[in-house]
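Here's the letter readout for the chains.
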Amino acid sequence: EADLFACIQAFIHRFVDLSPVFEQLAATYVLLTWLYDRFNELPYLRVRGDAGSGKTRFLLIVGALCYKPIFASGASTVSPLFRILDAFRGTLILDESDFRVSDERAEVVKILNNGNARGFPVLRSEQIERREFDPRAYAVFGPKLVATRGFFEDRALESRCLTEEMGQGRLRPDIPINLPDSWADEARALRNQLLAFRFAHWHRERPTEPLVDRLLEPRLNQVFTPLLAVLNDEGARANLRAFARRLQQQLVSDRGLELEARVLEIIRALAESDEGARLSVKDITGWFADRFGAEYDTKVTTKWIGSVIRRKLLIRTQKSHGVFVIPTSEYPKLALLYEKYGIGDQDPADRPSGEILPTSEATGTDRVDMGDLGDVGTG
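Residues numbered from 1 in each chain as written. Predicted model: local features only at pLDDT ≥ 70, side-chain atom pairs only at ≥ 80, totals over all residues. Heavy atoms only, no water.

**Q** Any details on the sheet that holds strand 8 (residues 279-280)? Residues and values, ideally.
**A** On the basis of which strands lie adjacent, the open sheet formed by three strands has the order 8-10-9 and antiparallel pairing. Across the chains shown, the open sheet's two edge strands, defined by having one partner strand only, are strand 8 and strand 9 (318-320). Examined bridge by bridge, strand 8 and strand 10 (residues 323-326) share two bridges and lie antiparallel to one another. If you follow S280 over to strand 10, its bridge partner there is V325. (Pairing = 2+ DSSP bridges. Helix = DSSP H or I, 4+ residues; strand = E, 2+ residues; numbered from the N terminus.)

Set out below in structure tokens:
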């Protein structure tokens with residue numbers, strides 16, 4: 001198994017320019033695709049970059065090693081994807097940029113949103129005899145390699161992806177510009193070995209609950225535990241957990257730049273002030289307008305801030321003495337949101353106007369650099 005992992009990584013390294021950790025993450029993901037039907041949730045492997053950054057090469061090389069690869073790049077429509085995935089239950093290799101029509105992209109997102117967890121098929125109505133329509137459920141659960149030029153608008157879908165930014169530096173000089181004729185034969189030989197790996201390991205129990213890291217958010221645990229389960233080396237698992245924790249630090253830091261985080265900063269500052277006897281939406285709006293109002297094109301109103309509190313932060317408000325306030329029953333939820341958005345112990349009122357302190361500065365950690373973590377290790 002260790003030799004097989006080393007051969008997979010060497011094959012990827014020879015043809016694709018990736019950071020060291022993501023290169024080994026890709027090799028681990030290849031192993032996962034051959035055992036994916038032993039799990040109930042799966043992550044996606046995604047590369048992001050402009051044209052000419054190496055996204056297609058990544059899809060071709062890594063995809064050629066995956067279980068039953070289904071190359072959907074350049075497909076004229078999305079409708080065949082449901083049927084192919086349902087029929088073959090393999091690995092979808094998808095270049096999202098090839099689907100330029102907005103309706104097609106929406107259909108692709110449906111496949112990705114439904115395809116990471118077992119039991120969520122895509123429903124379609126199909127015409128049968130006499131022009132009647134019959135509902136049909138297509139199973140789209142399975143591993144997926146995705147290439148995009150930008151971010152997904154769906155934040156939940158973004159959180160399911162383990163992403164590498166392509167084209168961030170000069171191409172490694174040993175990467176061939178054109179693939180040699182022998183690469184396909186090498187990929188087929190590795191797939192044969194991976195099929196033997198599937199025969200040998202599919203029946204083994206691979207529980208994920210003991211691998212859960214309670215320091216991570218539930219979504220990140222859901223993404224990483226299947227990858228940890230296909231690794232048998234504890235050192236490799238420790239390195240992968242370290243990467244997951246660094247990724248969580250970055251996610252929290254990114255959240256600190258959002259509107260919701262700014263509202264939470266104001267709520268916390270107001271709660272710790274002399275005026276914090278009650279957290280009224282009116283006072284929160286006034287403080288927010290004084291601190292951040294100049295940065296927004298629209299007027300800061302109580303209706304807008306109240307909508308952020310109720311709809312985005314999911315904090316309940318109630319009317320008291322003619323004004324809407326956050327009741328004390330919601331305070332435990334606020335404490336959890338402070339942690340989620342990286343609101344540190346420092347009072348926001350003590351910071352310069354408009355400054356949001358990222359988690360990386362508050363904790364002394366850096367943003368994720370995939371090259372800093374060393375080797376993920378072998379299975």
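**Q** Just give me the short version of unusual backbone geometry, but keep the residues and values in it.
**A** Its identity as a non-glycine residue notwithstanding, K68 has a phi of 45°, on the positive side. The residue H321 is not glycine, and still its phi comes out positive at about 55°. Tracing the backbone shows H321 in the loop between strand 9 and strand 10. In this structure H321 comes out as exposed when scored by relative accessible area, which is 77%. (Buried < 20%, exposed > 50% of the residue type's maximum accessible area, 1.4 Å probe, protein only.)

**Q** Quick rundown of the sheet that holds strand 3 (residues 91-95)? Include the residues and the values.
**A** The strand order across the open sheet formed by five strands is 2-3-6-1-7, and the pairing between neighbours is parallel. Edge positions in the sheet fall to strand 2 (69-71) and strand 7 (161-165), since each has one partner strand and no second. Each strand axis lies, on average, 20° off the axis of its neighbour in the sheet, ignoring direction. Inspection of the sheet shows strand 2 paired to strand 3 by three bridges, in the parallel sense. Bridging from a neighbouring strand, F71 pairs with I93 of strand 3. Contacting strand 1 (44-48), strand 2, strand 3 and strand 6 (144-148), helix 3 (residues 55-63) crosses the sheet at an angle of about 170° to strand 6. (Axes fitted to C-alpha atoms, helices over the stretch in contact; angles between N-to-C directions. Contact = heavy atoms within 4.5 Å.)

**Q** Quick rundown of the nonpolar core? Include the residues and the values.
**A** Judged by nonpolar contacts, the single largest core of 77 residues is most densely connected at I8, I12, L45, F58, L65 and F224. Among the elements that line this core, the one with the most residues is helix 2 (residues 20-33), at nine residues. Leave out the neighbours within four places in its chain, and L45 touches F22, L25, A26, Y29, F58, K144, L145, V146 and L162. Formed by 24 residues, the second largest nonpolar core is a distinct cluster that contains L279, V300, I315 and I343. (Core = buried A, V, L, I, M, F, W, Y, C linked by side-chain atoms within 4.5 Å.)

**Q** Give a detailed account of helix 10 (residues 259-271), specifying residues and quantitative values.
**A** Look at helix 10: 18 Å from first C-alpha to last across 13 residues, which is about the 18 Å you get at 1.5 Å a residue. Of all 13 residues that make up helix 10, twelve are buried, and the element is covered over most of its length. Looking only at helix 10, the buried set comprises L259, E260, A261, R262, V263, L264, E265, I266, I267, R268, A269 and L270. (Expected span 1.5 Å × (residues − 1).)

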